[in-house]
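Below, each chain spelled out in residue letters.
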Amino acid sequence: MKEYSSFDEIERDLKILKLQTQIDKEEIKLSYELTKDNMSPFSLIASMASSVIQKALVLKAVAKIFGVKKVITSTR
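Residues numbered from 1 in each chain as written. Predicted model: local features only at pLDDT ≥ 70, side-chain atom pairs only at ≥ 80, totals over all residues. Heavy atoms only, no water.

Asks: Sorry if this is basic, but what is going on with the overall build of the protein here?
Replies: A count of helical and extended segments in the protein gives 2 helices and 0 strands. The buried share of the protein, taken over its 76 residues, is 1%. (Helix = DSSP H or I, 4+ residues; strand = E, 2+ residues; numbered from the N terminus. Buried < 20%, exposed > 50% of the residue type's maximum accessible area, 1.4 Å probe, protein only.)

What follows is the structure, encoded as structure tokens:
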């Protein structure tokens with residue numbers, strides 16, 4: 001436990017704690033806004049589309065590197 005020798009020290013620490021509390025509140029607000037933006041329907045759809053395109057490109061690159069060819073079978 002910290003021992004104080006004057007009221008000025010107490011006041012200084014109280015001001016620091018108050019500022020830290022305000023900073024924490026602002027960080028929470030910012031996190032909330034970022035989460036809200038990331039969970040918007042447009043953002044979710046864009047993220048899924050990006051993921052699908054990225055996986056398709058990776059599969060195409062892997063197929064090209066390893067020489068994998070599509071096999072088409074006919075049902076006659």
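On we go from here.
Asks: Help me out: how do you make sense of the pattern of salt bridges in this one?
Replies: Proximity of charged atoms lets side chains of opposite charge pair with each other. If you walk through the whole model with that rule in mind, you get 4 salt bridges. Of the charged contacts, one joins Asp13 and Arg12 as a salt bridge, the two residues approaching to 3.1 Å between their closest N and O atoms. Residue class for Arg12 comes out partly exposed when judged on its relative accessible area of 48%. One salt-bridge network, held together by shared partners, links Lys2, Arg12 and Asp13. (Salt bridge = Lys/Arg side-chain N within 4 Å of Asp/Glu carboxyl O.)

Asks: Help me out: how do you make sense of helix α2 (residues 41-66) in this one?
Replies: An α-helix turns once per 3.6 residues; consequently, residues spaced three or four apart project the same way. End to end, α2 covers 38 Å across 26 residues, agreeing with the expected 38 Å (1.5 Å per residue, within 8%). Little of α2 sits out of view: just 0 of its 26 residues are buried. Gly67 occupies a position one or two residues after α2 and carries a positive phi of about 70°. (Expected span 1.5 Å × (residues − 1).)

Asks: Hey, could you run me through a nonpolar patch on the surface in this one?
Replies: A cluster of nonpolar side chains, contributed by Val58, Val62, Ile65 and Phe66, occupies part of the molecular surface with about 430 Å² of accessible area. Inspection of the secondary structure assignment puts Val58 in helix α2. (Patch = residues over 30% accessible without salt bridge, like charges linked within 9 Å, V, L, I, M, F, W, Y side chains within 5 Å. Areas by Shrake-Rupley, 256 points an atom, 1.4 Å probe, with all protein chains shown as cover.)

Asks: Help me understand the side chain of Asp13 in this model?
Replies: Inspection of the secondary structure assignment puts Asp13 in helix α1 (residues 7-38). Polar contacts involving the side chain of Asp13 include one to the side chain of Arg12, which spans 3.1 Å. Those residues in contact with Asp13, other than ones at most four positions away along the chain, are Lys2 and Tyr4. (Polar contact = N/O pair within 3.5 Å; in protein donor to acceptor, adjacent residues only side chain to side chain. Contact = heavy atoms within 4.5 Å.)

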